[in-house]
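So you can see what is in the structure, the chains are spelled out below.
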Amino acid sequence: MKKIGLLTSGGDAPGMNCAIRSVVRTALGYGFEVIGIKRGFKGLYENDVMEMNARSVSGIINLGGTILRTIRFPEFKEKDIQQQCYENLKKNSIDALVVIGGDGSSRGAFSFHSNFQVPVCVIPASIDNDVYGTDFTIGFDTAVNTAVEAIDRIRDTATSHERIFVVEVMGRHHGFLAIEVAIAAGAEIVVIPERPLTIEKIVEILEIDKIRGKISSLIVLAEGAGRAHELARRINEEIGGAEARYSVLGYIQRGGVPTYQTRVLATMFGNEAVKGLRDGLTCFMVGISGTELCRVHLKDVVSGTKTISEEKLKIIEAMGI
Ligand code: ADP
Ligand code: F6P
């Protein structure tokens, strides 16, 4: 192997730039060349490429987003689109492809390898933390911290007005982000797709909170489990005198300066990705299990399903009394 192609794909996440920097500098250290591919798989399809060197990644370790830009390109599911991408890899003499992205990007990389036997490595990056095979994805820690900081601010006004607040967080079809945020922000209730709650159950908990003397309650709602404005409206309908309000945190969770954890994770993942390709692996994802880096076959990544922590749900309930 002499030349690595590198792209970022799908939803951006803080720390992608740290991973880009790590892949480039690790590869150069081993005598490999790196070709940056702009705007995910679409850039590969359009041959939107650029040579990268050590200076290409200067001054980005503390920047959110991705200097390679990203895009969602569902057309990549079509084999003729992948064919053109494969031709462009050959045109640039690229021997292997590193894809920095989330669950969908992992499926794209696996499909591309299955169809064209291009050596691929996925570096899991997503604020959703929904990629099977790794305890953490790049950007998740930063997104959790961003959401918790926002909720700490909301808590001030919720307490002052003695109100119930519903805060909607991202996470696509999963509750991983919502659960961590709920624990760290001290929420009384978390509502996630994996464990939906009826309005009756939510009202029951809120009524008990009131009896316990709570002057305000906080509900963290994962976007995959509903809309905050709707839940707030239902609470106000069901509980006389309640002044439930809501906030949708939205895209602030996708940006910002990456935290130390995100930066170290991304740097280690980028280094491990290049080492795995150098060792001859052709279809894998780098990940972390506990404190140990791991290399997981993409077949297992795309066929596995990450499950939520029942223990953490119990802890949220225990802390909410
Ligand atoms: P994320 O990687 O953040 O989950 P997406 O779900 O949009 O974001 O996936 C990123 C890109 O990966 C998609 O825009 C598409 O180009 C590609 N992709 C996703 N799923 C598949 C698939 N099953 N087969 C081929 N390509 C896919
Ligand atoms: O996958 C990351 C994510 O932020 C999800 O949490 C969210 O549902 C989705 O991306 C939003 O997608 P887009 O940026 O395309 O609107």
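Quick note: structure is the one above.
What you see is a predicted model; the values in this text were computed from it and never measured.

Calculation notes
Residues numbered from 1 in each chain as written. Chains lettered and ligands numbered in written order. Predicted model: local features only at pLDDT ≥ 70, side-chain atom pairs only at ≥ 80, totals over all residues. Heavy atoms only, no water. Phe/Tyr/Trp six-rings, centres within 6.5 Å; stacked < 30°, edge-to-face > 60°. Helix = DSSP H or I, 4+ residues; strand = E, 2+ residues; numbered from the N terminus. Buried < 20%, exposed > 50% of the residue type's maximum accessible area, 1.4 Å probe, protein only. Lys NZ or Arg CZ within 6 Å of the ring centre and 35° of its normal. Core = buried A, V, L, I, M, F, W, Y, C linked by side-chain atoms within 4.5 Å. Contact = heavy atoms within 4.5 Å. Pairing = 2+ DSSP bridges. Axes fitted to C-alpha atoms, helices over the stretch in contact; angles between N-to-C directions. Near = heavy atom within 4 Å. Polar contact = N/O pair within 3.5 Å; in protein donor to acceptor, adjacent residues only side chain to side chain. Areas by Shrake-Rupley, 256 points an atom, 1.4 Å probe, with all protein chains shown as cover. Nonpolar A, V, L, I, M, F, W, Y, C, P; charged D, E, K, R; others polar. Domains from an automatic or database assignment. Parallel < 35°, antiparallel > 145°, perpendicular 65-115°, else oblique. Patch = residues over 30% accessible without salt bridge, like charges linked within 9 Å, V, L, I, M, F, W, Y side chains within 5 Å. Salt bridge = Lys/Arg side-chain N within 4 Å of Asp/Glu carboxyl O.

Participant: Before we move on, can you summarise the packing of aromatic side chains with the specific residues and values?
Facilitator: Inspection of the entire model under this criterion finds seven aromatic pairs. With a centroid separation of 5.5 Å and an interplanar angle of 55 degrees, the aromatic rings of Phe 76 and Phe 112 are classed as tilted. Of this pair, Phe 76 sits in the loop between strand 3 (49–52) and helix 3 (79–91) while Phe 112 sits in helix 4 (residues 103–116), and the two are 36 residues apart along the sequence. The pair Phe 76 / Phe 112 is uniform in exposure class, with both members buried. Taking 6.3 Å as the distance between ring centres and 35 degrees as the angle between the ring planes, the aromatic pair formed by Phe 136 and Phe 140 counts as tilted. The structure contains a cluster of three or more aromatic residues connected by ring pairs, namely Phe 41, Phe 76, Tyr 86, Phe 112 and Phe 116. Directly above the aromatic system of Tyr 30 lies the positively charged group of Arg 278, at a separation of 4.4 Å from the ring centroid.

Participant: Could you give an account of the nonpolar core, with specific residues and numbers?
Facilitator: If you look at the biggest cluster of nonpolar residues, it comprises 32 residues, and the most contacted ones within it are Ile 151, Leu 177, Val 181, Val 190, Ile 192, Val 220 and Leu 249. Tallying contributions element by element places helix 5 (residues 140–161) first for this core, with nine residues. For Val 220, the residues in contact, after removing those within four places along its chain, are Ile 151, Val 167, Val 169, Ala 178, Val 181, Ala 182, Ala 187, Ile 189, Val 190 and Val 191. Grouped together as the second largest cluster of nonpolar side chains are 31 residues, Met 16, Phe 32, Ile 60 and Phe 284 included.

Participant: So, the sheet that holds strand 4 (residues 96–101): which residues are in play, and what are the values?
Facilitator: The strand order across the open sheet formed by seven strands is 3-2-1-4-5-10-11, and the pairing between neighbours is mixed. A single partner strand is all that each edge strand has here, and the edge strands are strand 3 and strand 11 (292–297). Across the sheet, the mean angle separating the axes of adjacent strands is 25 degrees when strand polarity is ignored. Here strand 5 (residues 120–124) runs beside strand 10 (residues 283–289); their pairing, made up of three bridges, is parallel. Each residue of the ladder has a partner; that of Val 122, found in strand 10, is Met 285. Its contacts with the sheet place helix 9 (residues 260–278) against strand 1 (3–8), strand 4, strand 5, strand 10 and strand 11, and it is angled at close to 145 degrees to strand 10.

Participant: Please provide a residue-by-residue account of the site of ligand 2, values included.
Facilitator: With respect to spatial proximity, the complete set of residues near ligand 2 consists of Arg 72, Ile 127, Asp 128, Met 170, Gly 171, Arg 172, Glu 223, Tyr 251 and Arg 254. Gly 171 has a polar backbone atom sitting 3.1 Å from an oxygen atom of ligand 2. One nitrogen or oxygen atom from the side chain of Arg 254 is found 2.7 Å from an oxygen atom belonging to ligand 2. The fraction of the free accessible surface of ligand 2 (400 Å²) that becomes covered by protein chains is 77%. Taken together, the residues that form the shell around ligand 2 break down as three nonpolar, one polar and five charged. Of the domains in this structure, domain 1 (3–139 + 258–303) and domain 2 (141–254) are the two that each give at least three residues to the shell around ligand 2.

Participant: I'd love a proper account of the packing of helix 3 against helix 4, names of residues and values included.
Facilitator: The geometry of helix 3 relative to helix 4 is characterised by a closest axis approach of 10 Å and an angle of 75 degrees between their N-to-C directions. On the basis of their axis angle, the class for helix 3 and helix 4 is roughly perpendicular. Residues Lys 79, Gln 82, Gln 83, Cys 85, Tyr 86 and Leu 89 of helix 3 touch helix 4, and the partners they reach there are Ser 111, Phe 112, Asn 115 and Phe 116. Of the residues contributing to the contact of helix 3 with helix 4, the split by class is five nonpolar, four polar and one charged.

Participant: Describe the site of ligand 1, naming the residues involved and giving the relevant values.
Facilitator: Near ligand 1 there are 16 residues, and of these Arg 72, Phe 73, Gly 102, Gly 104 and Ser 105 occur at the shortest range. In the model, an oxygen atom of ligand 1 is placed 3.4 Å from a nitrogen or oxygen of the Asp 103 main chain. Between an oxygen atom of ligand 1 and a main-chain N or O atom of Gly 104, the distance comes to 2.9 Å. Taken by itself ligand 1 offers 550 Å² of open surface, and the protein chains cover 85% of this. When residues of the shell around ligand 1 are assigned to their parent elements, the largest contribution, five residues, is made by helix 4.

Participant: With reference to specific residues and values, describe a nonpolar patch on the surface.
Facilitator: Among the surface-exposed residues, Ile 183, Ile 315 and Met 319 lie close enough to one another that they form a single nonpolar patch of about 280 Å² accessible area. Checked against the element boundaries, Ile 183 lands in helix 6 (residues 176–185). Accessibility expressed as a relative area gives 35% for Ile 183, which makes it partly exposed.

Participant: Any details on the side chain of Asn 17? Residues and values, ideally.
Facilitator: Among the structural elements, Asn 17 can be located in helix 1 (residues 16–29). Residues in contact with Asn 17, not counting those within four places in the same chain, are Ile 60, Leu 63, Gly 64, Gly 65, Thr 66 and Ile 67.

Participant: Can you tell me about the side chain of Asn 129, naming the residues and giving the values?
Facilitator: Within the secondary structure, Asn 129 sits in the loop between strand 5 and helix 5. Here the side chain of Asn 129 touches Thr 137 through a polar contact of 2.8 Å, landing on its backbone nitrogen. Beyond its immediate chain neighbours, meaning those up to four positions away, Asn 129 contacts Asp 135, Phe 136, Thr 137, Phe 140, Phe 176 and Lys 306.

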